[in-house]
Amino acid sequence: GGAGGADAKQDAQAEDYVYTRTMSEERLKLRTFVRSIWMSGFIYSVIIFNTIVIAADDVYSERTQNSWVQSISIASDWVILVIFTIEMLLKIIGLGAGFRAPDDEEMDPELAGYFASSWNRFDCFIVIMSWILVPMAQFSGADIQRLVRIMRLTRPLRAFRGMRRLQAVQMLLQTLPTAFPAFVDVTNLMLFLLIVFAILCLNLWGLEGKLHGRCVVAPNRTDFAKGLETQGFLQQPAPVLCGKDGFSCDPGFVCSCVPEVLPNGKIETRPYVFTDPLRGDQGCLRQGTMRPWVEGLQTDEPVCPDFGFTCWDSFPLALFTSFKVITLEGWSQTMWYSQATMNPWAAIIVLVFMVILVTFNVVNLYVASISNAYRDVRTKHRVIEQRKNFEKAQMKMSADIEKARIRHEREEAIASGDVEEEEEEEEASPSLLDRIFMLHERLGNHKDSTEPLMPLARWLRRVFVYPLVADECGTIVPHHLIRMMASRNLEVKFGPEYGEWTLFAKKGQEVRRYGHPKVYRDGEKVQVGKAATHVITHANNLLRADLRAAIKEFSISKEREEEDTRAKDEAGPTAMDNTTPLIYSDLIVLIAILVNAVSSAVEHFDGYAVETLPGVETAPWMNCCNEDCSLMDAENCPRGLIKMSTSWRAFIFWVELVFNIFFTAELSCKIVSWWSVERFITESYPGNLLDVVIVAFSDILFILDLFIEGLFSVAIFRLLRLVRAVKMAR
């Protein structure tokens, strides 16, 4: 880990040396400072402060004279502008003004000069425009002030330059352009379906204006408005749609407001029947217009619901209404309107089918396109990363060979007396961050242990991996070897030294070696071996080649051969070869976690009031828990209501105590089974480290809750343990 970090640091220094070899020591220090993490942290802090100031600005502060928000905004504009200007000047001096980007695309352009980086040119543009606009805004009108606001909004974009260096952000940014061709295809499909549904709805409801029908007060009905003529008024409180083939109005109301279909199939034109008191009713009064600012507030013309914007009357309106339906914005109301004016089943079939087909399927194709594009981009980055790692490994190998050659020549020269031996410079001690990365790499680079476990640890390890088998070092033996031994009535015992193993015949079974007449029975020792290493290569899965070869020397029992043949006929050979039994201890822990989560169902809120004695003055804020209000507890008796009875609280406490003890004992035994905390963590990093953190954190919270009642919710423990359950289920 340390070597890798040192090599990366040397590579960066080598790249930087090309542009810094003619610089003075003062400029080198300034160059290091402007590219340091401290400078970046300070600039990002300024950006965050600027974002907060922008977010605090609102219309009320604009209208208020001498507003503190406005004062801070104006002052911060000048302070931030000065800070960004100083940063720009320091970078130009320290990095140089170089405009030409480096030939190596993977190299940071900023190393070649300030203006070689497009982000630095963007920063310079913001600073220059700010120096022009900010002073002008103090003496100019609203137009310049709007430009200043827009320029202020560009400052938070500077934070984006740092995010682009993160590989995950780069992949996300490349996903959208990659998914664009698929977006075009999905959009074309969606537009085609919208056009089809718009034309269908236009012919079903639009051509006859069926969504115009309204229930209005019947002629000569004045029973609920004495002395007032209310004929033609819309049924309230909301417009009620109706139609000849749909909803029939309530008694006292008639369906009106819609032109009739003439015998020749054409739609009636003005004057409409419903606007003629002699032929029809008085008209559709108090009906809102589509454009009140032009057409006035009320009209007697046919109008669709929602000021004419939920309508199938024309193709553009039908297309818009179809789009509104697939966005699920009031789609059910649109369906109800359509049901009221025609056969209800027609609206249900058409609109529900539109939602299911377009919304739930076609629209989700956008998500599928992004997902596929992201997977392609991630695969591409992974291939590039593997190629880079391979090239770095080759370069490192060449550098190590060259260093070894130089070291060997120097040792020979020192031995011959041609060169005097010089004291090597002590390497600088790694920083805390370097130590953390070194620890992370050491834990992540898992290797099978070569140190045999102690007897207690070996026994615990076998218990925790049962029905699988662990060797003398705690490493799980590939299960296909166990199946091979079982088919030949063999058992294996590992240890006590590293690599040692012994084959035995199972008790009550017979074992025969190919080409030998001797028969081994009842636990008789069959063969002993010792391997120099457990693993030859993971690529070909040639694990424990010595043990495998020894097992193959023995014949398969007839009974087992018949069972395997039957099983392969039923499940197939692939299923038989890849099946690995579930570890019982993991299953027990998983069940315990789920039972612990299910036990949360016993938590409840009783909610009954505490009965106090006559004459005892109480108030909700006193949080009384007993009759004389001598016991007050806001946690268990908020506002004098019993949250949970004492017996239930005691039960929950003991349940949590039992589970805490169980999980702590389980983790402790697993650590003992490896006889080392580090070996336990590296066995399955970072999963085992997560288990240690969760169990330790749960214990700490539980102990703190004993002394500070009500500090934590019991649900926290269960949520933490459910994280373990998710990890184990995977």
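Being a predicted model, the structure only gives us computed values, none of them experimental. (Residues numbered from 1 in each chain as written. Predicted model: local features only at pLDDT ≥ 70, side-chain atom pairs only at ≥ 80, totals over all residues. Heavy atoms only, no water.)

Novice: Teacher, can you tell me more about the side chain of Asp-471 here?
Specialist: Relative to the helices and strands, Asp-471 resides in the loop between α16 (455-465) and α17 (479-487). A distance of 3.0 Å separates the side chain of Asp-471 from the backbone nitrogen of Gly-474, its partner in a polar contact. (Helix = DSSP H or I, 4+ residues; strand = E, 2+ residues; numbered from the N terminus. Polar contact = N/O pair within 3.5 Å; in protein donor to acceptor, adjacent residues only side chain to side chain.)

Novice: I tried to follow the nonpolar core on my own but got confused; where do I start?
Specialist: One broad rule of soluble globular proteins: the nonpolar side chains tend to lie buried together. Core analysis: the biggest nonpolar cluster contains 27 residues, and Trp-205, Trp-312, Met-354 and Val-358 have the highest contact counts within it. Sorting the residues of this core by element identifies α9 (167-206), α11 (315-326), α12 (331-341) and α13 (344-362) as the ones contributing at least two each. Considering every element that reaches this core, the biggest residue donor is α9, with 8 residues. Not counting residues within four places of it along the chain, the set of residues in contact with Met-354 comprises Phe-197, Cys-201, Ser-322, Val-325, Ile-326 and Thr-359. Grouped together as the second largest cluster of nonpolar side chains are 18 residues, Val-477, Met-484, Met-485 and Leu-503 included. (Core = buried A, V, L, I, M, F, W, Y, C linked by side-chain atoms within 4.5 Å. Buried < 20%, exposed > 50% of the residue type's maximum accessible area, 1.4 Å probe, protein only. Contact = heavy atoms within 4.5 Å.)

Novice: Looking at this structure, how should I read the sheet that holds strand β9 (residues 525-530)?
Specialist: By way of backbone hydrogen bonds, the strands of a sheet pair with one another, either parallel or antiparallel. A sheet is described by the order of its strands in space; here 3 strands give the open sequence β5-β6-β9, paired in antiparallel fashion. Unpaired on one side and paired on the other, β5 (490-494) and β9 mark the two borders of the sheet. Between one strand axis and the next, the sheet turns by 20° as a mean value, whatever way the strands run. Sheet analysis places β5 next to strand β6 (residues 500-505), joined by 5 bridges and oriented antiparallel. For Val-492, the partnering residue across the bridge sits in β6 and is Leu-503. Contacting β5, β6 and β9, helix α18 (residues 545-552) crosses the sheet at an angle of about 20° to β6. (Pairing = 2+ DSSP bridges. Axes fitted to C-alpha atoms, helices over the stretch in contact; angles between N-to-C directions.)

Novice: Explain the packing of α9 against α11 to me, please; I cannot follow it from the model alone.
Specialist: For any two helices packed against each other, one specifies the inter-axial angle together with the distance between the axes. Put simply, α9 and α11 touch, their axes get as near as 8 Å, and they point 120° apart. One finds that α9 runs oblique with respect to α11. Read as a crossing pair, α9 and α11 show a hand that is right-handed. Contacts from Met-190, Leu-194, Ile-195, Phe-197, Ala-198, Ile-199 and Leu-202 of α9 reach α11 at Phe-315, Ala-318, Leu-319, Ser-322, Phe-323 and Ile-326. Across the contact of α9 with α11, the residue classes tally to 12 nonpolar, 1 polar and no charged. (Parallel < 35°, antiparallel > 145°, perpendicular 65-115°, else oblique. Left-handed = near helix turned anticlockwise from the far one by under 90°. Nonpolar A, V, L, I, M, F, W, Y, C, P; charged D, E, K, R; others polar.)

Novice: Would you mind showing me how to read the pattern of salt bridges here?
Specialist: For side chains of opposite charge, pairing can occur when their charged atoms come near one another. In this structure the tally under the stated criterion is 9 salt bridges. Of the charged contacts in the structure, one is a salt bridge between Arg-513 and Glu-553, with a shortest N-O distance of 2.5 Å. Linking Arg-513 in the loop between β7 (510-512) and β8 (519-521) with Glu-553 in the loop between α18 and α19 (558-571), this pair joins segments that are 40 residues apart in sequence. You can call Glu-553 partly exposed: its relative accessible area is 33%. Two residues, Asp-586 and Lys-670, come together in a salt bridge whose shortest N-O distance is 3.6 Å. One end of the pair, Asp-586, is in helix α21 (residues 584-598); the other, Lys-670, is in helix α22 (residues 646-674), with 84 residues separating them in the sequence. Overall, the relative accessible area of 26% leaves Asp-586 in the partly exposed class. In this structure, a network of salt bridges that share partners links the residues Asp-586, Glu-666 and Lys-670. (Salt bridge = Lys/Arg side-chain N within 4 Å of Asp/Glu carboxyl O.)

Novice: Can you help me understand empty space enclosed by the protein in this one?
Specialist: Over the atoms, a rolled probe matching the size of one water molecule traces out where space is still vacant. Considering all chains together, one arrives at 2 cavities of 30 Å³ or more under this definition. Roughly 40 Å³ of internal volume is contained in the largest cavity. (1 Å grid on protein atoms, 1.4 Å probe; cavity = no way out; pocket = protein on both sides within 12 Å on 5 of 7 lines; lining within 4 Å. Points joined across faces, edges and corners; volume = space filled by probe spheres on them.)

Novice: I keep staring at the confidence of the model for the protein and nothing clicks. Help me out?
Specialist: Residues shown with low pLDDT carry predicted positions that ought not to be read at fine detail. On average, residues of the protein score 77 in pLDDT, and 76% of them reach the 70 mark or higher. Mean pLDDT across the secondary structure elements of the protein bottoms out at strand β10 (residues 535-537), with 41, and peaks at α11, with 93. Counting interchain partners and residues more than four positions distant, the pLDDT-below-50 stretch residues 1-6 has 4 contacts. Here residues 535-542 scores under 50 on pLDDT; set against residues more than four positions off or in separate chains, the count is 9 contacts. (pLDDT = per-residue confidence, 0-100.)

Novice: Would you mind going over the state of the cysteines with me for this structure?
Specialist: Such a bond, covalent and formed between the sulfur atoms of two cysteines, is termed a disulfide. This model, assessed by the stated rule, comprises 5 disulfides. In this model, Cys-304 is linked to Cys-311 through a disulfide, with the two sulfur atoms separated by 2.0 Å. Across the pair, exposure class does not vary: Cys-304 and Cys-311 are buried alike. (Disulfide = S-S within 2.5 Å.)

Novice: Teacher, can you tell me more about the packing of aromatic side chains here?
Specialist: The description of an aromatic ring pair uses the distance of the two centres, along with the angle that the planes make with each other. Applying the stated criterion across every chain, the model contains 13 aromatic pairs. Measuring from centroid to centroid gives 5.0 Å for Tyr-114 and Phe-115, while their planes differ by 85°, and the two rings are edge-to-face. Per residue, the accessibility class of Tyr-114 equals that of Phe-115, and both read buried. (Phe/Tyr/Trp six-rings, centres within 6.5 Å; stacked < 30°, edge-to-face > 60°.)

Novice: Is there a simple way to think about helix α14 (residues 364-416) in this case?
Specialist: Note that an α-helix has 3.6 residues per turn; residues three or four places apart therefore point the same way. Across its 53 residues, α14 extends 77 Å between first and last C-alpha, which sits within 8% of the 78 Å expected from 1.5 Å per residue. For α14, every residue scored as buried is listed here: Ser-369, Ala-373, Val-377, His-381 and Ala-413. On its buried face, α14 sits against α9. (Expected span 1.5 Å × (residues − 1).)

Novice: Can you help me understand unusual backbone geometry in this one?
Specialist: Leaving glycine aside, a negative phi is the common case for residues, and trans is the common case for peptide bonds. Residues Tyr-466 and Pro-467 are joined by a peptide bond in cis, for which omega reads 15°. With respect to the element layout, Pro-467 can be found in the loop between α16 and α17. Backbone geometry at Leu-328 places phi at a positive 65°, although glycine is not the residue there. With respect to the helices and strands, Leu-328 occurs in the loop between α11 and α12.

Novice: Would you explain the packing of α13 against α14 in this entry?
Specialist: Interhelical geometry of α13 versus α14 gives an angle of 20° and a closest axis separation of 5 Å. Judged on the interaxial angle alone, α14 and α13 are roughly parallel. Contacts between α13 and α14 involve Thr-359, Phe-360, Asn-361 and Val-362 from the former and Asn-364, Leu-365 and Tyr-366 from the latter. A per-class count over the contact of α13 with α14 returns 4 nonpolar, 3 polar and no charged.

Novice: What should I look at first to understand α12 in this one?
Specialist: Residues of α12 that are buried: Thr-334, Met-335, Tyr-337, Ser-338, Gln-339, Ala-340 and Thr-341. Of the surrounding elements, those touching the buried residues of α12 are α9, α11 and α13.

Novice: Would you mind going over a nonpolar patch on the surface with me for this structure?
Specialist: A cluster of nonpolar side chains, namely Met-454, Leu-456, Trp-459, Val-463, Val-672 and Trp-675, defines an oily patch on the protein surface of about 600 Å² accessible area. The biggest single contributor to the nonpolar patch is α16, with 3 residues. The topology assignment puts Val-463 in helix α16. (Patch = residues over 30% accessible without salt bridge, like charges linked within 9 Å, V, L, I, M, F, W, Y side chains within 5 Å. Areas by Shrake-Rupley, 256 points an atom, 1.4 Å probe, with all protein chains shown as cover.)

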